[in-house]
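Structural description and commentary
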4 protein chains.
Amino acid sequence: MTLASAVRGTIAGVRATVAALHAELPRNELVVWTAGNVSARVPDADLLVIKPSGVRYEEITPDNMVVTDLDGRLVEGEHAPSSDTAAHAYVYKHMPHVGGVVHTHSTYATAWAARGEAIPCVLTMIADEFGGDIPVGPFALIGDDSIGRGIVETLSGSRSPAVLMRNHGVFTIGRDAKAAVKAAVMCEDVARTVHIARQLGTPLPIAAPDIDALYARYQNVYGQETPK
Amino acid sequence: MTLASAVRGTIAGVRATVAALHAELPRNELVVWTAGNVSARVPDADLLVIKPSGVRYEEITPDNMVVTDLDGRLVEGEHAPSSDTAAHAYVYKHMPHVGGVVHTHSTYATAWAARGEAIPCVLTMIADEFGGDIPVGPFALIGDDSIGRGIVETLSGSRSPAVLMRNHGVFTIGRDAKAAVKAAVMCEDVARTVHIARQLGTPLPIAAPDIDALYARYQNVYGQETPK
Amino acid sequence: MTLASAVRGTIAGVRATVAALHAELPRNELVVWTAGNVSARVPDADLLVIKPSGVRYEEITPDNMVVTDLDGRLVEGEHAPSSDTAAHAYVYKHMPHVGGVVHTHSTYATAWAARGEAIPCVLTMIADEFGGDIPVGPFALIGDDSIGRGIVETLSGSRSPAVLMRNHGVFTIGRDAKAAVKAAVMCEDVARTVHIARQLGTPLPIAAPDIDALYARYQNVYGQETPK
Amino acid sequence: MTLASAVRGTIAGVRATVAALHAELPRNELVVWTAGNVSARVPDADLLVIKPSGVRYEEITPDNMVVTDLDGRLVEGEHAPSSDTAAHAYVYKHMPHVGGVVHTHSTYATAWAARGEAIPCVLTMIADEFGGDIPVGPFALIGDDSIGRGIVETLSGSRSPAVLMRNHGVFTIGRDAKAAVKAAVMCEDVARTVHIARQLGTPLPIAAPDIDALYARYQNVYGQETPK
């Protein structure tokens, strides 16, 4: 596969962004060793940039990022792509509005996933960012489309940018990779807070219209940037 | 609105203080991403200095802090003020002795807030700093005076400088911004310790006269500075 | 009070040691803000060196350490001594083999203290360092000898260098300040591990003769230094 | 004992590797103070390199590592070997495929060990790395072969590279020291996640054939390196 020079320039920028965002995973205590990854769609091309397999976070550079097509086949890179590439690729192929995907086994979110239990929307921060409960996806083996399909099917029926894959971990999506990383950070934070709240009783519910109001406001007016 | 040059000089100092204190939030693990903020009253002016919205902690500088009036309207700054500004402003307007306000979603304190449960005064450190239980404020939607009113009404009937806003997070006050940050740090610390104590049984109570004695002593003799 | 020049030289070394050991408290997550302190006996003098009150850990230097006599009265220093000085001084006065004392409100140990419950000796590490359960001391108000007496009475009947003071926090002792800091680090570590073990069931007991054998071995053969 | 110069060169490399890997223990929060150690077999020699006793992690250098034979007797080094050396040596003597051993008292894994309870294989990450439940070894006193025998007997009947020694802590093995460190990091991570999952209910099981499929895939295709 030959890449036009305009696409090559775009890829260089995406490599730099994806490499830099990987530093957020250990900084926010979402990962240990090599067990999490960030990818981004290459704009105007059926390509994605993702972490190489088995490389530790402190060794990640723009140059060792890997480029694949949307079937997860290697296009550019000296390393093998992350073993989770098929799942990322499936999401980009079937959710055209998604520009970034993150996968982690962050502790509290994965604990909810181990029980196959959604995180209930009992904090204003959950209403803001996730617009309701954070849903659970199916158990799926690595190696074919199962994980990708589970992610897409679960998130298609939800406002949440995060899905708890049963017995496995978390996948998050965003309009770009930074938004997907933010969702992964927020998902673990609320997974932990609601877990701790539940340990000593039952968190109070938030009424559905209040959830809707919080979500609408946060998605439209928060931050300095254009709305998400 | 034109600012007199004396006020401008004061504001420069307050900007520096508020910017520096934001570093305490991640250092003390009270926040993730951009989800917490510090403000300070500008002495001798109906103004406050607060964090800009959606800016990350490592990017905070004195220059990108925002100045608003006590109705939360932008007076000076290139960024939009924090979306929590209305709550901070309401506190300064209605509690003239308050010089600093902090808002976080720190994990353990927010877990108590999710259940709508006050933190009982079962540690000498709680008696020292909070003078009794740490109270719960009402559920309130962002966007008008509701959060500010909830904070002021709850704290007006308490010796505590911290309030747990239901399903939301923590607000703390102080004679200055540093004291409010200290209260936020202590609030999370005792929220965590009492949570953990409660997981395996019931903490022993402290008698009310002992709480009073501890509070009186700590407020008057502790530290190198003039009493708080 | 005039200090002989030999004692002055000794004090300079003790100031440096005590200042440096304070860095271990935040490094090992035993403290927040200013809420913990280390002291050391000045050899061959009825004096101790301790943290100044209300000073943050990153501002601690050998020069701002404070020297008091064994009644807690200021002998040398520009700052007021820690408000816990009376307790440290009482220990040195009544336990001549003690060369260092540490006080913290470390989270898990303080949670056991809040329930007034001893930490059971269910780990080899507890047997090694503490020689049995970590005992609970009485509730005591700050301001007179009560805390000091509680520490001395509790530790006099135990092999443990740590005592959990009810509703308050932890005091540890050692032949020198470094050993007391080590005991404080180990105390929090085992308080946390046993807490977590207890959350999902009952830790298995260790037989008393095995505890004795582990304690005897660790106190006599471990490490590169002369036995403790 | 005289060492041939070829072996001396090999030892220099092993010293450097083992010293560097010790930094992973505090970085991954597996240890406090001096309470954990890494060793590696010296290829083509009946020797091992291990941490000196009682030395803190920030003071570890290639030069202060200790060399012993496979009975744990000192061969080279200015310090005494770790008090756990006998256990490491026993493993190398009886498991010829093992090139690295790690010992920690990491919090969550040790909490399972305190109850004498295996960590159930309810996460894909456990299936990947451990191939099933993480087993419990016997209670054993330090000072003779008991700990080493307990490790070898437990791991010989398991695909797991980690064993939870009752009331004590964790030992992990690998084809080299880095693999053993990775197993120690993963063991604590899954011990924590499954603990948290269990606090609020029962994790869903993974079917045995799925565990087998995950283990086979991970052991054979993951990462950039030759299969483990």
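Residues numbered from 1 in each chain as written. Chains lettered and ligands numbered in written order. Predicted model: local features only at pLDDT ≥ 70, side-chain atom pairs only at ≥ 80, totals over all residues. Heavy atoms only, no water.

In the annotation of an unreviewed UniProt entry, chain A is listed under the name L-ribulose-5-phosphate 4-epimerase and assigned to Luedemannella flava. In the Sequence similarities (unreviewed entry) part of its UniProt record, chain A is described as follows: "Belongs to the aldolase class II family. AraD/FucA subfamily." What UniProt records for chain A under Cofactor (unreviewed entry) is the sentence "Zn(2+)". (UniProt positions renumbered as here; feature names shortened; annotations may be inferred.)

1. Thoughts on the relation of the copies chain B and chain A
Aligned on chain A, chain B shows an RMSD of 0.0 Å; the corresponding rotation is 90° and the shift along the axis is 0.0 Å. Look at the turn and shift together and you get a four-fold axis relating the two. Considering only C-alpha atoms, the residue of chain B closest to the rotation axis is Gln199 of chain B, which sits at 5.3 Å. Interface overlap between copies is the fraction of interface residues in one copy that are interface residues in the other; for chain B against chain A it is only 3%, indicating separate surfaces. (Least-squares fit on C-alpha atoms with pLDDT ≥ 70 in both. Contact = heavy atoms within 4.5 Å.)

2. Topic: the relation of the copies chain B and chain C
When chain B is fitted onto chain C, the two copies agree to an RMSD of 0.0 Å after a turn of 90° and an axial shift of 0.0 Å. Mapped onto chain C, only 3% of the interface residues of chain B are again interface residues, and the two copies thus contact each other with different surfaces.

3. Concerning the UniProt feature "domain: Class II aldolase/adducin N-terminal" (unreviewed entry) in chain A
Sites flagged by UniProt as "domain: Class II aldolase/adducin N-terminal" (unreviewed entry) map to residues 16–195 of chain A. When the span residues 16–195 of chain A is considered, its composition is 37% helix and 19% strand, and the gap between its end C-alpha atoms is 35 Å. (Helix = DSSP H or I, 4+ residues; strand = E, 2+ residues; numbered from the N terminus.)

4. A short note on the pattern of salt bridges
Side-chain pairs of opposite charge can arise whenever the charged atoms involved come near each other. Within this structure, the stated rule accounts for 56 salt bridges over all chains. For the salt bridge of Glu129 of chain B with Lys182 of chain B, the shortest nitrogen-to-oxygen distance reads 3.6 Å. Of this pair, Glu129 of chain B sits in helix α5 (residues 124–130) while Lys182 of chain B sits in helix α7 (residues 177–199), and the two are 53 residues apart along the sequence. Exposure class is identical for Glu129 of chain B and Lys182 of chain B. Each is buried. Because the salt bridges share partners, they merge into one network encompassing Glu24 and Arg27 of chain A together with Arg56 and Glu58 of chain B. (Salt bridge = Lys/Arg side-chain N within 4 Å of Asp/Glu carboxyl O. Buried < 20%, exposed > 50% of the residue type's maximum accessible area, 1.4 Å probe, protein only.)

5. Considering the interface of chain B and chain C
Each partner contributes residues to the interface: chain B has 30 residues there, and chain C has 31 residues. Here chain B meets chain C over a buried area of about 2,800 Å², counting both sides, of which 62% is carbon and sulfur. Measuring nitrogen to oxygen at the nearest pair gives 3.3 Å for the salt bridge that ties Glu58 of chain C to Arg27 of chain B. Where chain B touches chain C, the interface holds nine residue pairs in polar contact (both at pLDDT 80 or more). (Buried area = accessible area lost by both parts, 1.4 Å probe. Polar contact = N/O pair within 3.5 Å; in protein donor to acceptor, adjacent residues only side chain to side chain.)

6. What to know about the confidence of the model for chain A
Of the residues in chain A, 96% reach a pLDDT of 70 or more, and the chain-wide mean stands at 94. In the predicted complex, the global pTM is 0.96; the interface-specific ipTM is 0.94. (pLDDT = per-residue confidence, 0-100.)

7. Notes on the interface of chain B and chain A
Facing the 31 residues of chain B at the interface are 30 residues of chain A. Summed over both sides, the interface between chain B and chain A buries roughly 2,800 Å², with carbon and sulfur atoms accounting for 62% of that surface. For the pair chain B and chain A, the number of links is two salt bridges. Here chain B is connected to chain A by nine residue pairs in polar contact (both at pLDDT 80 or more). Counting only elements with at least two residues in the side of chain B that touches chain A, the list comes to α4 (107–115) and α7 of chain B. With six residues, the top contributor of residues to the side of chain B that touches chain A is α4 of chain B. Classifying every residue of the side of chain B that touches chain A by side-chain character gives twelve nonpolar, 14 polar and five charged. (Nonpolar A, V, L, I, M, F, W, Y, C, P; charged D, E, K, R; others polar.)

8. Observations regarding the state of the cysteines
Enumeration over the complete set of coordinates arrives at zero disulfides over all chains. For Cys187 of chain A, which is in no disulfide, the shortest distance to another cysteine sulfur is to Cys121 of chain A and amounts to 12 Å. (Disulfide = S-S within 2.5 Å.)

9. Thoughts on the environment of Ala19 of chain D
Residues and elements named next belong to chain D. Mapped onto the elements, Ala19 comes out in helix α1 (residues 5–22). In this structure the C-alpha to C-alpha distance between Ala19 and Pro62, which are 43 residues apart in sequence, comes to 5.2 Å. Residues contacting Ala19, with those up to four places away along its chain left out, are Ile60, Thr61, Pro62 and Met65.

10. Quick look at the packing of helix α4 (residues 107–115) of chain D against helix α7 (residues 177–199) of chain D
Residue and element names in this part refer to chain D. At their nearest, the axes of α4 and α7 sit 7 Å apart, and the two run at 65° to each other. The angle between α4 and α7 falls in the class roughly perpendicular. For the pair α4 and α7, the crossing hand works out as left-handed. For the pair α4 and α7, the contacting residues are Thr107, Tyr108, Ala109 and Trp112 in the first and Cys187, Glu188, Ala191, Arg192, Val194, His195 and Arg198 in the second. By residue class, the composition of the contact of α4 with α7 is six nonpolar, two polar and three charged. (Axes fitted to C-alpha atoms, helices over the stretch in contact; angles between N-to-C directions. Parallel < 35°, antiparallel > 145°, perpendicular 65-115°, else oblique. Left-handed = near helix turned anticlockwise from the far one by under 90°.)

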